[in-house]
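# A look at the structure
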Amino acid sequence: MACVNPDGTLTESAIKILESLSVPKSPEEIANFTDVPLFKIRSALRDLINAGFVNQVNDKYKLTDEGLKILKK
Amino acid sequence: MEQQRIMPRIGEPAPQFEAVTTHGTLRLEDYKGSWLILFSHPADFTPVCTTEFIAFQGIYDELKKRNVELLGLSIDSVYSHIAWVRNIEEKMGVKIKFPVIADLNKEVASLYGMIMPGESKTETSRAVFVIDPEQKIRAIIYYPLTTGRNIDEILRLIDALQTHEKYKVATPANWRPGDEVIVPPPNTQEMAEQRMKEKYDIKDWYFSKKKI
């Protein structure tokens, strides 16, 4: 799932995923929380990690400072 | 000499890939834990494929109830795919909600043997690969360019495979959910004698059916 638009802004689904990470979650928990299919969550998390908005800690994913910053924009 | 083409077979691990799709870059491993129907169509903006896409979308909700995802593929660009699915929504009123692989370099098509060069060297045939949650290939269907698939049969196939998984039984010809299933045949003489005393619908020692 492409998360970052060509102009650097986030897609609606990316915002939904980032907003779900107020506490660290596993991909399965994010899928349940957002009602987005698990395969899309896994793909989106790769994009969001590459963009620097999310970090993986063990089997959970959490917002980075950059992720927090872009959400507040 | 022509290079030998290796096609995946039923019971083998599904070949892994990463591909550009209408829903971003997806990997086969993203589907771990759910069933997947990976299917190819010859080309965007063609009539038979359009009817198939509408029919696949028609069973998508039923598939999701069964923990099955859909992933299309053709040798077209992602822009062509986007234009086509938008056209289907605009002209036919059907929103295509599953992703479609833009396999311009034929990487996934070649990996799965979706191209039948005797029929076309530039298009994928109508291939269907049913991949289970452990990413093993469980069924393969091929149709030629000229003939649209029976999409209802694909749903029936999923029901039969999942029934086998759940109850360890086989399903007879034209089986539908609710019909009797086949009890695995006994494989020793003692088991055959025992089978004849069971309360199944017994045609003979090797052929028993039961309700589930």
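## Digging into unusual backbone geometry
Across the chain, the bulk of peptide bonds are trans and the bulk of non-glycine residues have phi less than zero. Not every positive phi belongs to a glycine, and Asn58 of chain A is a case in point at roughly 55°. With respect to the helices and strands, the residue Asn58 of chain A is situated in the loop between strand 1 (54-57) and strand 2 (60-63). Overall, the relative accessible area of 69% leaves Asn58 of chain A in the exposed class. Even without being a glycine, Lys168 of chain B presents a positive backbone phi close to 55°.

## Brief notes about the environment of Glu62 of chain B
Residue and element names in this part refer to chain B. Within the element layout of this structure, Glu62 appears in helix 1 (residues 47-65). A relative accessible area of 29% means that Glu62 is categorised as partly exposed. C-alpha of Glu62 to C-alpha of Pro15: the two residues are 47 residues apart in sequence and 26 Å apart in space. Here Lys65 takes part through its side chain, which lies 2.7 Å from a polar atom of the side chain of Glu62.

## Description of the packing of aromatic side chains
Residues and elements named next belong to chain B. Applying the stated criterion to the full structure yields 12 aromatic pairs over all chains. Between Phe53 and Phe98 the ring centres are 5.2 Å apart and the planes differ by 55°, which places this aromatic pair in the tilted class. Taken together, the residues Phe53 in helix 1 and Phe98 in the loop between helix 2 (78-92) and strand 5 (100-102) connect sequence positions 45 residues apart. The class of Phe98 is buried, set by a relative accessible area of 1%.

## Here we look at helix 4 (residues 151-167) of chain B
All names here are of chain B. End to end, helix 4 covers 25 Å across 17 residues, agreeing with the expected 24 Å (1.5 Å per residue, within 8%). Residues Ile151, Ile154, Leu155, Arg156, Leu157, Ile158, Asp159, Ala160, Leu161, Gln162 and Thr163 constitute the buried set of helix 4. The inward-facing, buried residues of helix 4 contact strand 3 (35-40), helix 1, strand 4 (68-74), strand 6 (126-131), strand 7 (137-143) and strand 8 (181-183). The backbone nitrogen of Asp152 lies 3.1 Å from a side-chain oxygen of the residue at the head of helix 4, namely Asn150. Lys168 occupies a position one or two residues after helix 4 and carries a positive phi of about 55°.

## Overview of the layout of surface pockets
Taken as a whole, the largest pocket spans an internal volume of roughly 750 Å³. Thr21, Thr22, His23, Gly24 and Ile82 of chain B are, among the 25 residues lining the largest pocket, the residues nearest its centre. Listing elements by their share of the lining of the largest pocket, those giving two or more residues are helix 1 (12-20) of chain A together with strand 1 (18-21), strand 2 (24-27) and helix 2 of chain B. Sorting elements by how many residues they give to the lining of the largest pocket places helix 2 of chain B first, with 5 residues. Along the lines of polarity and charge, the residues of the lining of the largest pocket split into 11 nonpolar, 8 polar and 6 charged.

## Here we look at the pattern of salt bridges
All names here are of chain B. The final tally for this structure, using the stated rule, is 18 salt bridges over all chains. The salt bridge partner of Lys91 is Glu90, with a shortest N-O separation of 3.8 Å. According to the relative accessible area criterion, Lys91 is exposed, its value standing at 55%. According to the relative accessible area criterion, Glu90 is exposed, its value standing at 61%.

Procedures and definitions
- Along each chain, residues carry numbers from 1 onward, in the same order as the chain's sequence is written.
- Numbering of ligands from 1 and lettering of chains from A proceed in the order in which they are written.
- Totals for whole chains, interfaces and linings use every residue, but because this is a predicted model, local features are given only for residues with pLDDT of at least 70 and side-chain atom pairs only at 80 or more, for both listing and counting.
- Only hydrogens and water are set aside; all other atoms, that is, all heavy atoms of the structure, feed into the side-chain values.
- Per the convention used, a helix needs a DSSP run of H or I reaching at least four residues, while a strand needs a run of E reaching at least two, with both numbered from the N terminus.
- Throughout this description, buried means an accessible area under 20% of the type-specific maximum (1.4 Å probe, protein chains only), exposed means over 50%, and partly exposed covers the range between.
- Counting of polar contacts relies on pairs of N or O atoms within 3.5 Å, with two restrictions inside protein: one atom must be capable of donating a hydrogen and the other of accepting it, and residues adjacent in sequence are counted only when both atoms are side-chain atoms.
- Two rings from Phe, Tyr or Trp (for Trp, the six-membered ring) form a pair when their centres sit within 6.5 Å of each other. Planes less than 30 degrees apart are called stacked, planes more than 60 degrees apart edge-to-face, and all others tilted.
- In this analysis, the expected span of each helix is defined as 1.5 Å times one less than the number of residues it contains.
- Contact between two residues is taken to exist if any of their heavy atoms lie within 4.5 Å; hydrogens are not considered.
- Cavity and pocket criteria rest on a 1 Å grid covering protein atoms alone: a 1.4 Å probe that fits but cannot get out defines a cavity, protein on both sides within 12 Å along at least 5 of 7 lines defines an open pocket, and an atom within 4 Å of a point defines a lining residue.
- Grid points are joined across faces, edges and corners, and a volume is the space filled by probe spheres set on the points.
- Polar here means any residue outside two lists: the nonpolar Ala, Val, Leu, Ile, Met, Phe, Trp, Tyr, Cys and Pro, and the charged Asp, Glu, Lys and Arg; Gly therefore counts as polar.
- Should a side-chain nitrogen of Lys or Arg be within 4 Å of a carboxyl oxygen of Asp or Glu, the pair is scored as a salt bridge.

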